[in-house]
Amino acid sequence: MRNGIKKLAATGAVGASLLGLSLVGATGAQADSQDGCPYPYVCVYDDYTNDARIVAQFRDITGYYQSTYHGPGFSVVNTRNQDTVWIRMNYGAGDIYRCLSNATQGYNSIGSMGTITGIKITSNTSC
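Read on for an overview of the structure. No experiment lies behind these values; they were computed from the predicted model shown.

Rules behind the numbers
- Residues numbered from 1 in each chain as written.
- Predicted model: local features only at pLDDT ≥ 70, side-chain atom pairs only at ≥ 80, totals over all residues.
- Heavy atoms only, no water.
- Disulfide = S-S within 2.5 Å.
- Buried < 20%, exposed > 50% of the residue type's maximum accessible area, 1.4 Å probe, protein only.
- Patch = residues over 30% accessible without salt bridge, like charges linked within 9 Å, V, L, I, M, F, W, Y side chains within 5 Å.
- Areas by Shrake-Rupley, 256 points an atom, 1.4 Å probe, with all protein chains shown as cover.
- Salt bridge = Lys/Arg side-chain N within 4 Å of Asp/Glu carboxyl O.
- Helix = DSSP H or I, 4+ residues; strand = E, 2+ residues; numbered from the N terminus.
- Pairing = 2+ DSSP bridges.
- Contact = heavy atoms within 4.5 Å.
- Axes fitted to C-alpha atoms, helices over the stretch in contact; angles between N-to-C directions.
- Phe/Tyr/Trp six-rings, centres within 6.5 Å; stacked < 30°, edge-to-face > 60°.

1. What about the state of the cysteines?
The tally for this structure, following the rule as stated, stands at two disulfides. Disulfide partner of Cys37: Cys43, at an S-S distance of 2.0 Å. A torsion of 85° about the S-S bond marks the disulfide between Cys37 and Cys43 as right-handed. For the pair formed by Cys37 and Cys43, the shared burial category is buried. With a sulfur-sulfur separation of 2.0 Å, Cys99 is cross-linked through a disulfide to Cys127.

Okay, here's the thing in structure tokens:
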């Protein structure tokens with residue numbers, strides 16, 4: 001049942017967009033994973049298409065942004081059940097920040113044409 005709810009929430013999120021950012025569709029290959037990203041990780045993909053590869057994984061809750069550099073054109077998936085993730089990204093005119101909900105919410109993935117420069121996992125249950 002839990003996996004079905006996650007699939008339904010992720011599928012509903014696919015049609016949404018925010019400021020030109022498209023969401024990564026979820027396939028829910030197995031319980032507690034999404035798009036090949038295992039629980040409890042936050043995964044960065046090299047693209048935002050269905051054949052994207054995982055290029056980085058993060059697991060630790062931190063009070064700071066963990067530096068990473070991927071893009072342009074990346075996607076991120078949060079499989080953590082209770083924690084939110086802040087993404088620092090750049091489109092060439094400075095950094096912007098987006099929050100990804102935990103895996104039990106609808107907005108737990110993002111795809112972007114920008115460049116990701118940092119990830120911060122927090123113990124907050126919502127953005």
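2. Details of a nonpolar patch on the surface
A cluster of nonpolar side chains, namely Tyr48, Tyr91 and Met113, defines an oily patch on the protein surface of about 310 Å² accessible area. On the secondary structure map, Met113 appears in the loop between strand E11 (109-112) and strand E12 (115-122).

3. Focus on the pairing of strand E8 (residues 74-78)
Judged by how many residues are buried, E8 sits mostly within the fold: five of five residues are covered. Here E8 shows two buried faces, one formed by Phe74, Val76 and Asn78 and the other by Ser75 and Val77. Of the pairings in the sheet, the one linking strand E5 (residues 42-45) to E8 comprises four bridges and is antiparallel in character. By the bridge assignment for E8, Val44 is matched with Val76. Two strands pair when backbone bridges link them, and E8 and E11 are joined in this way by four bridges, in the antiparallel orientation. From the neighbouring strand, Val77 faces E11, where its bridge partner is Ser109.

4. Notes on the environment of Cys43
Following the sequence through the fold, Cys43 ends up in strand E5. Linking Cys43 and Ile119, residues 76 residues apart in sequence, is a C-alpha distance of 10.0 Å. In this structure, Cys43 is in contact with Cys37, Pro38, Ile54, Ala56, Gln57, Ser75, Val76 and Val77, ignoring residues within four places of it in sequence.

5. Comments concerning the sheet that holds strand E10 (residues 95-100)
On the basis of which strands lie adjacent, the open sheet formed by four strands has the order E7-E12-E9-E10 and antiparallel pairing. With one partner strand each, in any of the chains shown, strand E7 (66-70) and E10 form the two edges of the open sheet. Between one strand and the next, the sheet's axes are offset by a mean angle of 25°, whatever the strand orientation. As paired elements, strand E9 (residues 84-90) and E12 share seven bridges and run antiparallel to each other. The residue of E12 that forms the bridge with Asn90 is Thr115.

6. Observations concerning the packing of aromatic side chains
With the rule as written, the count across this model stands at one aromatic pair. Taking the centre distance of 5.5 Å and the plane angle of 55° together, the rings of Tyr65 and Tyr97 count as tilted. A residue pair is termed long-range when its members are at least 10 positions apart, and Tyr65 in the loop between strand E6 (54-58) and E7 and Tyr97 in strand E10 qualify at 32 residues.

7. Overview of the pattern of salt bridges
Across all of its chains, the model carries two salt bridges by this definition. A salt bridge links Asp46 to Arg53, with the shortest nitrogen-to-oxygen separation between them at 3.0 Å. Taking relative accessible area as the criterion, Asp46 reaches 31% and is therefore assigned partly exposed. Judged by its relative accessible area of 53%, Arg53 is exposed. One salt bridge in this structure joins Asp83 and Arg80, with 2.7 Å as the shortest N-O distance. Arg80 carries the same exposure label as Asp83, and that label is buried.

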